[in-house]
Every structure is written in C-alpha cells, then in structure tokens.
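Notes for the structure review
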Amino acid sequence: MPPDVAQELTPQNYKTDEHPIWCPGCGDFGVLASLYQSLAKLQIHSKDLVVVAGIGCSGRTPGFVKSYGFHVVHGRVLPVALGVKLANPKLTVVGVGGDGDGFAIGGGHIPHAARRNFDIAYLVMDNATYGLTKGQYSPTAPKGFQAGSTPYGNIEKPLNPLAMLIAYGATFVARGYSGKPKELADLITRAIEHKGFAFIDIISPCITFYNTYKVIPPKLAEVPHEHDVTDRAKAFELTLLDDKVYLGVFYQVQEPTFEDGVAQVIKTAQASSRPRLEEIFAEFS
Ligand SMILES: Cc1ncc(C[n+]2csc(CCOP(=O)(O)OP(=O)(O)O)c2C)c(N)n1
Ligand code: SF4
C-alpha cells in the first residue's frame, strides 16, 4: 500500500515486495539501505522519484526501491537519466550502476554528463569487477588482479573515477563505502540535495568474486577536515593520494544546470522572430 502523501516517510516505505537476490554479504545491500535512509531523510515521495539503473548486479536496484524505475541498456544510465530530467525537471532522478556499466561500456557518457551539469545524483557501486558476469576485471580493478579473464594478472592501470569526474567538470564529487552506511546515507543525501551533477564513487565489495572487505577498511580515512571542497586543484590532488582511501566530499561548487539552460533557450526562442519549425516545414510541403 503506497504511503499517504501527508504521512511521514520512513526507510521502510521505500522497500518493494521484491527481495534482493544479491549474494549474502554483497556491498550493494549497504548501498541500498543508505539510499532508503537518505530518501526518508529528504521525504521524497515515490511519485516524484525515478531510479535509473544500468546492467549488472547493482543494476537491479530499481526493483527494490518504491519509485518509478528504468533498468536500461548496459552503460546507458546517464543519457536516459538526462532525458527523464529534461522531460520533467521537478523529478528527483537517481542514477545507479556498477563500475563496468559506468566506466567501461558507458564511459563515453561521463564527460558529457559531468560538463552539462544536469541535476541528478549518480551512484556507482564500485567493486572493481563485473559481478553479474562472474568477476572479470573492470576499469577500476588494480594492476595484477587475477580473474577468469586475467589469469596471469591485469596488466592495465586502474582508472581514477574521482579525478576523472573532477577533470570533466562535475560539480559534486565524493567517495563512500558500503560498510559505513550511516556516513554513506549522509553523502547520498548531500548528492541528491546538490543542484547539479552529483557523483559518488561507492566502494561496494563483491564478496563472491573480489572480496576487499579485509584490505579496504584499514586504508579508510575521512577527507581532511581542513580540505576546501571548492578548491578544484586541491580536490584533484586529494584524489591522487593513494596512501589512504579518503571518504567524503572532495569537490562541490554551484553552477547553472543544463535544464535551466534549456529552459532559458526555449524562452528566448519563443520570444524571437525566427521562423517556427512548422513554418520551415511548410516551405517544403
Ligand atoms: C551490450 C552488453 N554487453 C555486455 C553485457 C554483459 N554484461 C552484463 S553485466 C556486465 C558487467 C557488469 O559489471 P558492473 O557494471 O561492474 O556491475 P556489477 O555486476 O559488478 O554490479 C556485462 C559485461 C550486456 N548485458 N550487454
Ligand atoms: S556477484 Fe558480487 S556484486 Fe553480484 S551480488 Fe554477488 S557479491 Fe554482489
């Protein structure tokens, strides 16, 4: 039964009747729990929420969140999310996917989503592997990573998602960890509240094919308190430090959004004396 619009929403209200079929211990459970927390904190009603997800274990998320949802073609979270937001800018749009979906097959969409600054929150459940297809190496897998597709070890350098997003012009860039769901919920809340393109790289271990639960926690540290999130060069520098895995917001600034720009262009076009599209077509009929 959907909650009454006037009723206070709790994390429970966002659960669907579908139960996640993720492996017990998968990091994605923590991400989902944090997403429920954050939606409840923001009191976002299901009718105003669209979750767009790619293909992968992480891509099952829309089935577990009471909202409108799209489970799109592999790697196409961002163009679909942009279409949704442009069609109805009042909606809260949350994009969800894996590192394979986002940075490999979908990697070509990242620069354009980031530089356009359309207002969505994009959560990448980064397990450095292709979980759904049985653990091949992904763009964020470390050098030497051994799996079925790399039996002699990965020879590629891993991609640095945070540096990439800052370089391409995203206006909110953060890292979270599925094992710290309260802190992650706070980050997701901030990302949804941010007006513009908000990206969170969420370390979300794949317990079955690349279990990093033992190696990650000792390296975790908070983004230093004195870090100025509006300093782009310093934020970029912070992403390059590999002695620690920093959690928190690296970069956040306010800039005009794509949908505001589009609305402005429509207004200008309507006020201009240029011929209408129908008039141009009429010339050829
Ligand atoms: C066009 C296309 N190519 C390849 C696949 C096979 N495929 C399904 S999921 C996936 C990778 C998933 O990895 P990731 O995005 O990291 O998500 P995870 O399963 O780890 O959450 C691949 C290659 C596909 N479904 N569609
Ligand atoms: S295969 Fe990995 S990513 Fe997929 S559900 Fe299992 S633990 Fe999670």
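1. Looking at the overall build of the chain
A tally of helices and strands in the chain yields 9 helices and 10 strands. For the chain, the C-alpha radius of gyration of 20 Å lies close to 19 Å, the compact-globule estimate for 285 residues. Along the longest, intermediate and shortest principal axes, the C-alpha atoms of the chain span 65 × 45 × 45 Å. The 285 residues of the chain split such that 42% are buried. Summarising the internal contacts of the chain: among those between residues at least 6 apart in sequence, 68% fall at separations of at least 24.

2. Observations regarding the site of ligand 1
As a structural note, the neighbourhood of ligand 1 is formed by 19 residues, with G56, G98, G100, D101 and G131 the closest of them. Listed by contribution, the elements that provide at least two residues to the shell around ligand 1 are β3 (92-98), α3 (99-105) and β5 (129-130). Ranked by the residues each element gives to the shell around ligand 1, the list is headed by α3, at 3 residues. Looking at side-chain class alone, the shell around ligand 1 contains 6 nonpolar, 11 polar and 2 charged residues.

3. Focus on the environment of P224
Secondary-structure assignment places P224 in the loop between β9 (220-222) and α7 (232-240). Between the C-alpha atom of P224 and that of F250, which follows or precedes it by 26 residues, the distance is 9.5 Å.

4. What about the environment of S149?
Following the sequence through the fold, S149 ends up in the loop between β6 (136-137) and α5 (161-168). When the 16 C-beta atoms within 10 Å are taken as the criterion, S149 is described as partly exposed. Leave out the neighbours within four places in its chain, and S149 touches Q136 and Y137.

The rules behind each value
- Residues numbered from 1 in each chain as written.
- Chains lettered and ligands numbered in written order.
- Predicted model: local features only at pLDDT ≥ 70, side-chain atom pairs only at ≥ 80, totals over all residues.
- Helix = DSSP H or I, 4+ residues; strand = E, 2+ residues; numbered from the N terminus.
- Rg over C-alpha atoms; globule rule 2.2 N^0.38 Å.
- Buried ≥ 20, exposed ≤ 12 C-beta atoms within 10 Å, placed from the backbone.
- Contact = placed C-beta atoms within 7 Å.
- Near = placed C-beta within 6 Å.
- Nonpolar A, V, L, I, M, F, W, Y, C, P; charged D, E, K, R; others polar.

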